[in-house]
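Structure at a glance
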Amino acid sequence: DMGGHDTYMHKEISEQADAVDRVLRGRIDDRFSTVHLGGLNLDAREARGVRRIKILGCGTSYHAGQIGAQLIEELARIPADAEPASEFRYRNPVVDPDTLYVAVSQSGETYDVLAAVQELKRKGARVLGVVNVVGSAIAREADGGTYVHAGPEVCVVSTKCFTNTVVAFALLALHLGRIRDLSVADGKRIIDGLRRLPAQITEILENEDEIKKLAAEYADAKSMMFIGRVRGYPVAREASLKLKEVSYIHAEAYPASELKHGPLALIEPAMPTVAIVPDDDLLEKNRAAMEEIKARSGRILAVAHQVQEKADHTIVVPKNENELDPILMGIPLQLFAYHTALAMGRDIDKPRNLAKSVTVE
Ligand code: M6R
């Protein structure tokens with residue numbers, strides 16, 4: 001049942017305020033400015049002993065894991081990174097007993113992620129799952145974890161599950177942070193930010209008509225560049241994946257700082273750039289990157305917290321705490337990809353060559 005929407009993608013994008021509300025519900029502990037995650041199976045002593053966190057996933061779940069790794073480093077100060085599960089499996093990784101492994105998956109059935117979990121467990125590592133589908137293979141195989149509570153996601157193109165997975169990582173990062181060195185004040189600041197998310201998501205989605213017009217404006221592009229820095233970079237990668245899988249327009253994502261090391265050669269009017277420009281300590285650096293693009297007659301669509309003069313167009317999104325900004329900045333670009341694909345007559349819920357869950361190697 002699409003509940004009045006023409007596609008599941010549109011329905012699922014529209015459900016995100018409720019979905020985020022669900023992943024937060026019942027978990028916030030205001031007394032200690034932390035969160036409770038019932039199924040982690042990791043007591044405080046064990047959590048304090050974690051020296052590194054390695055996050056494994058594929059596609060959109062991998063991108064959510066990249067933001068998750070940044071949140072964990074920022075809030076819990078535990079070194080963390082994300083890697084495609086398929087790469088990890090095939091490079092004979094060093095499995096370290098002080099590393100906590102986190103497997104991320106919407107379906108909980110992605111073969112490369114499941115196989116990585118099984119290999120890690122065979123070697124005695126501790127593996128948590130950040131999974132949407134309750135009782136799925138990865139959820140069962142993991143030692144513990146947290147459900148993402150996005151609700152069923154039918155469209156092959158993942159949207160609401162991405163957002164909820166990142167929020168689930170924010171909860172995990174806050175929980176680990178408050179067991180370690182994150183202050184009460186910072187814990188409270190993040191909790192307040194998390195509580196603002198559903199209303200801010202609604203605000204973003206109310207801009208759909210404007211985003212639809214912008215999609216028409218850029219629909220002649222043969223290829224698009226997505227750029228961001230640090231918090232904005234995984235957002236750029238995910239937005240680039242969304243556009244290519246649903247519209248079949250070629251897109252690639254780069255850290256803004258890498259442009260001058262090669263990809264600037266591609267910039268011309270037929271190759272527009274989408275720039276993720278949060279109002280944080282990298283704002284000036286991002287403005288400089290936009291200036292470099294303008295100097296080569298590139299068109300720019302910015303996603304930012306205020307109108308960007310260097311850009312041709314700006315989608316303004318509400319500001320949250322710096323750490324939580326990536327959760328919101330990708331949402332308008334889901335709609336951007338959707339409207340681009342719709343105008344091109346694409347099979348939105350079932351893009352060619354793709355399957356909802358990849359249960360083969
Ligand atoms: O079910 P999973 O989250 O494990 O799936 C991983 C990827 O196959 C998935 O995110 C894929 O990249 C989507 N088509 C993205 O929209």
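Look up: the structure comes first, before these words.
Computed from a predicted structure; not experimentally measured. (Residues numbered from 1 in each chain as written. Predicted model: local features only at pLDDT ≥ 70, side-chain atom pairs only at ≥ 80, totals over all residues. Heavy atoms only, no water.)

Attention now moves to the sheet that holds strand β9 (residues 250–255). Spatially, five strands are ordered β9-β8-β10-β11-β12 in an open sheet, and the strand pairing comes out parallel. The sheet is open, and its two borders are formed by β9 and β12 (313–316), each paired with just one other strand. The mean inter-strand angle of the sheet, taken between neighbouring strand axes irrespective of direction, is 20°. In this fold helix α10 (residues 208–218) packs onto β8 (223–228), β11 (300–304) and β12, with an angle of close to 150° to the strand it touches most, β12. Its contacts with the sheet put helix α11 (residues 232–247) on β8, β9 and β10 (273–277), and the angle it makes with β9 is roughly 175°. (Pairing = 2+ DSSP bridges. Helix = DSSP H or I, 4+ residues; strand = E, 2+ residues; numbered from the N terminus. Axes fitted to C-alpha atoms, helices over the stretch in contact; angles between N-to-C directions. Contact = heavy atoms within 4.5 Å.)

Below, the discussion takes up the packing of helix α4 (residues 59–76) against helix α8 (residues 160–179). Axis separation between α4 and α8 bottoms out at 8 Å; the angle between their running directions is 25°. What the angle tells us is that α4 and α8 run roughly parallel. Classified by chirality, the crossing of α8 by α4 is right-handed. Residues Thr60, His63, Ala64, Gly65, Ile67, Gly68, Leu71, Ile72, Leu75 and Ala76 of α4 touch α8, and the partners they reach there are Phe162, Thr165, Val166, Phe169, Ala170, Leu172, Ala173, Leu174, Leu176 and Gly177. The residue makeup of the contact of α4 with α8, split by class, is 14 nonpolar, six polar and no charged. (Parallel < 35°, antiparallel > 145°, perpendicular 65-115°, else oblique. Left-handed = near helix turned anticlockwise from the far one by under 90°. Nonpolar A, V, L, I, M, F, W, Y, C, P; charged D, E, K, R; others polar.)

A separate point is α11. For α11, which comprises 16 residues, the first-to-last C-alpha distance of 22 Å matches the rise-based estimate of 22 Å (1.5 Å per residue) to within 8%. The buried fraction of α11 is high, at 12 of 16 residues. If you check which residues of α11 are buried, you get Gly232, Pro234, Val235, Ala236, Glu238, Ala239, Ser240, Lys242, Leu243, Glu245, Val246 and Ser247. Of the residues one or two after α11, Tyr248 is the one with positive phi, at around 65°. (Expected span 1.5 Å × (residues − 1). Buried < 20%, exposed > 50% of the residue type's maximum accessible area, 1.4 Å probe, protein only.)

One pass over the structure, following the stated rule, counts two aromatic pairs. For the pair Phe88 and Tyr101, a centre-to-centre distance of 6.0 Å together with 55° between the ring planes defines the contact as tilted. Highlighted residues: Phe88 in helix α5 (residues 85–89) and Tyr101 in strand β5 (residues 99–105), separated in sequence by 13 residues. By the burial criterion, Phe88 is buried, and Tyr101 matches it. The aromatic ring of Tyr248 is capped on one face by Arg352, whose charged end is 3.9 Å from the ring centroid. (Phe/Tyr/Trp six-rings, centres within 6.5 Å; stacked < 30°, edge-to-face > 60°. Lys NZ or Arg CZ within 6 Å of the ring centre and 35° of its normal.)

A full pass over the atoms with the stated rule returns zero disulfides. Free of any disulfide, Cys58 has its nearest neighbouring cysteine sulfur in Cys161, separated by 14 Å. Counting only cysteine sulfurs, Cys155 is the nearest neighbor of Cys161, a cysteine outside any disulfide, at a range of 12 Å. Since its relative accessible area comes to 2%, Cys161 is described here as buried. (Disulfide = S-S within 2.5 Å.)

Quick look at the pattern of salt bridges now. Counted according to the given criterion, the structure contains 28 salt bridges. Notably, a salt bridge pairs Glu238 with Lys242, separated by 2.7 Å at the nearest N-O pair. Taken together, the residues span about one helical turn, with Glu238 and Lys242 both in helix α11 at a distance of four residues. A relative accessible area of 5% places Glu238 in the buried class. The closest approach of N and O atoms between Arg287 and Glu284, which form a salt bridge, is 2.9 Å. Residue Arg287 and its partner Glu284 are both found in helix α12 (residues 283–295); the two are separated by three residues, about one turn of the helix. For Arg287, a relative accessible area of 22% gives the class partly exposed. (Salt bridge = Lys/Arg side-chain N within 4 Å of Asp/Glu carboxyl O.)

A few words now on helix α14 (residues 331–343). If you check α14, its first and last C-alpha atoms are 19 Å apart, about what 13 residues at 1.5 Å a residue would give, namely 18 Å. Summarising burial for α14: 11 of the 13 residues are buried, a large majority. Every buried residue belonging to α14 is among Ile331, Pro332, Leu333, Gln334, Leu335, Phe336, Ala337, Tyr338, His339, Thr340 and Ala341, and all of these are buried.

This part is about the site of the ligand. Near the ligand there are 13 residues, and of these Ser61, Ser105, Ser107, Thr110 and Glu245 occur at the shortest range. Between a nitrogen atom of the ligand and a main-chain N or O atom of Val156, the distance comes to 3.2 Å. Ser158 has a polar backbone atom sitting 2.9 Å from an oxygen atom of the ligand. Surface burial for the ligand is 91%, taken as the share of its 410 Å² of free accessible area covered by protein chains. Mapped onto the shell around the ligand, the elements with two or more residues apiece are α4 and α11. It is α4 that provides the largest number of residues to the shell around the ligand, a total of three residues. A per-class count over the shell around the ligand returns three nonpolar, eight polar and two charged. (Near = heavy atom within 4 Å. Polar contact = N/O pair within 3.5 Å; in protein donor to acceptor, adjacent residues only side chain to side chain. Areas by Shrake-Rupley, 256 points an atom, 1.4 Å probe, with all protein chains shown as cover.)

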